[in-house]
Structures are given as structure tokens and as C-alpha cells.
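Structural overview for review
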Amino acid sequence: ELKVEQNPLFLSMQEGKNYTIYCNYSTTSDRLYWYRQDPGKSLESLFVLLSNGAVKQEGRLMASLDTKARLSTLHITAAVHDLSATYFCAAPPSGGGSNYKLTFGKGTLLTVNP
Amino acid sequence: DVKVTQSSRYLVKRTGEKVFLECVQDMDHENMFWYRQDPGLGLRLIYFSYDVKMKEKGDIPEGYSVSREKKERFSLILESASTNQTSMYLCASASQVGELFFGEGSRLTVL
């Protein structure tokens, strides 16, 4: 059974600080996805990481993928209140191909305080 | 922009009623999915479809069925709704790199 584990599950940060969310997964796939969910809303795609060593950045968020360690990180730089949301990572099963049946982590609830 | 549209944002049904949740995507994606999201349990895959008339069970298919008669439309059916099916239901379609695009969600309450 594919496992995707995020930590921490709850993160309270001060504005201006840096922090990292970790995503460990058990598949041998070389893909990993990050999503954001605002309260009461649906999920929005943030990053698609398609190979070992992939790094993507958007504003104050940067995601990376280490397939050998089966680890992805989402780094937050100089947090602002607008980043408050729940962040999910998701991994496909081993074997690649066209099987897009993702397993999601439980999500990290990020609260950025002034 | 990819658009995934779910037919109902909020529904209230009674136990035993048949419930249809419809989802339409406009990007010609082959793969479509139905998830449910519950506090503390995260997102769980109910069913997915990789082509018209093709479907596969996800992790929690019991009590649900699906229909995909056209490529753009994927419907989730609760034959006889029960209170434990009260949840947020999320439909998604996948791009060729596996990126999921989600609809706005359908919040179902079963009384």
C-alpha cells in the first residue's frame, strides 16, 4: 500500500519567517505533486515535480524532489498571511505509465500570524 | 484554463435517496476521478475512469457507482444515500503529466 506522510500536520508561523514542510512517500515513482487548499474551497495545483532533483519556485514557495530519498520538500520563505492554507503533497503509484491514481498526504495546515 | 465543473455545490438529501453528482471537464482529459474529503481522513479516492465507459475502483468504492458515457462527463452515484456519506466530494481530471485539476466540490449532507 502506497503511503504518503507529511510533517508537520500543523504549522503556525510568524510573518517573515522561513519553514519547510516535508513529504515522505513509499512509491518508486519519479513524480510528486503539491496542492493548496483554502478553507471551504477546493484544491489548486501548485507544483508538478517530474524527475529526481526537480525544483520549482513560485513566489515565496519552492518545492523540490529527491526520488532516491523518496522525499519532497515545500519551503516557505519570508511567510506572509496570504500563504495561510492547507498544503497537500500527492504521489502516484510505482510503475509510472499513465496511471495517475494519486495518493494524498493528510495535509499540512499552515497558519501565518502577524 | 482547465475548467472542471461540478453540478451542485451544496446538497441535502435524506437517507435512502438516490444521489447524482455530475462533473464536466473541458480539456479533453482521459482520466477523471472522484474523491471524498473528510476531516482527519484527508482525500480518499472513490473511483476513477481512464476512458469512456471504463472505470476502476479506488480505495473506498463501497456504496458508490460511477458513469462515464462521454469523455467530458463523469458522474458519481449514491444508490441509497446513508448518513456516513455526508462529505465533501471532489471531482478532478488529469493532464498528460498527471496534474489534477479539481472542481469546486460538492458538499453533501445526508439526513
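Before any of the text, the structure's been laid out above.
Figured I'd write up the structure that's included with this text. (Residues numbered from 1 in each chain as written. Chains lettered and ligands numbered in written order. Predicted model: local features only at pLDDT ≥ 70, side-chain atom pairs only at ≥ 80, totals over all residues. Heavy atoms only, no water.)

So, the sheet that holds strand S7 (residues 65–70) of chain B
Residue and element names in this part refer to chain B. Let me state the cut-off plainly: In short, DSSP must find at least two bridges between two strands for them to pair. By definition, any uninterrupted DSSP run of H or I lasting at least four residues is a helix, any uninterrupted run of E lasting at least two residues is a strand, and each is numbered from the N terminus. For helices, the fitted axis covers only the stretch in contact; all axes are lines through C-alpha atoms, and the angles between them, taken along N-to-C directions, range from 0 to 180 degrees.
The 4 strands lie next to each other as S1-S3-S8-S7, forming an open sheet whose pairing is antiparallel. Each edge of the open sheet carries a strand with a single partner, namely strand S1 (4–6) and S7. Averaged over all adjacent pairs, the angle separating strand axes in this sheet is 20 degrees, with direction ignored. Where S1 meets strand S3 (residues 19–25), 3 bridges bridge the pair, whose relative direction is antiparallel. Bridging across to S3, Gln6 finds its partner in Cys23.

Quick word on the nonpolar core
Residues and elements named next belong to chain A. What counts here: Residues belong to a common nonpolar core when they are buried Ala, Val, Leu, Ile, Met, Phe, Trp, Tyr or Cys residues joined through side-chain atoms within 4.5 Å. Burial status follows relative accessibility: with a 1.4 Å probe on protein chains alone, a residue under 20% of its type maximum counts as buried, one over 50% as exposed, and anything between as partly exposed.
Residues Leu32, Trp34, Leu74, Ile76, Tyr87 and Leu110 are the most contacted members of the largest nonpolar core, which totals 25 residues. At the level of secondary structure, the elements contributing two or more residues to this core comprise strand S2 (10–14), strand S3 (19–25), strand S4 (32–37), strand S5 (43–49), strand S7 (61–66), strand S8 (71–76), strand S9 (85–91) and strand S11 (108–113). A total of 4 residues in this core trace back to one element, the largest contributor, which is S9.

Overview of the state of the cysteines
Spelled out, the test is: Sulfur atoms of two cysteines make up a disulfide when they are within 2.5 Å.
Scanning all chains against the criterion turns up 2 disulfides over all chains. The side chain of Cys23(A) participates in a disulfide bridge whose partner is Cys89(A); the two sulfur atoms lie 2.0 Å from each other. A torsion of 85 degrees about the S-S bond marks the disulfide between Cys23(A) and Cys89(A) as right-handed. Within this pair, whereas Cys23(A) is found in strand S3, its partner Cys89(A) is found in strand S9, the two being separated by 66 residues in sequence. Cys89(A) carries the same exposure label as Cys23(A), and that label is buried. Each sulfur of the disulfide joining Cys23(B) and Cys91(B) lies 1.9 Å from the other. Judged by the sign of its S-S torsion, about -75 degrees, the bond between Cys23(B) and Cys91(B) is left-handed. Residue Cys23(B) is located in strand S3, and its partner Cys91(B) is located in strand S9 (residues 87–94); the two are separated by 68 residues in the primary sequence.

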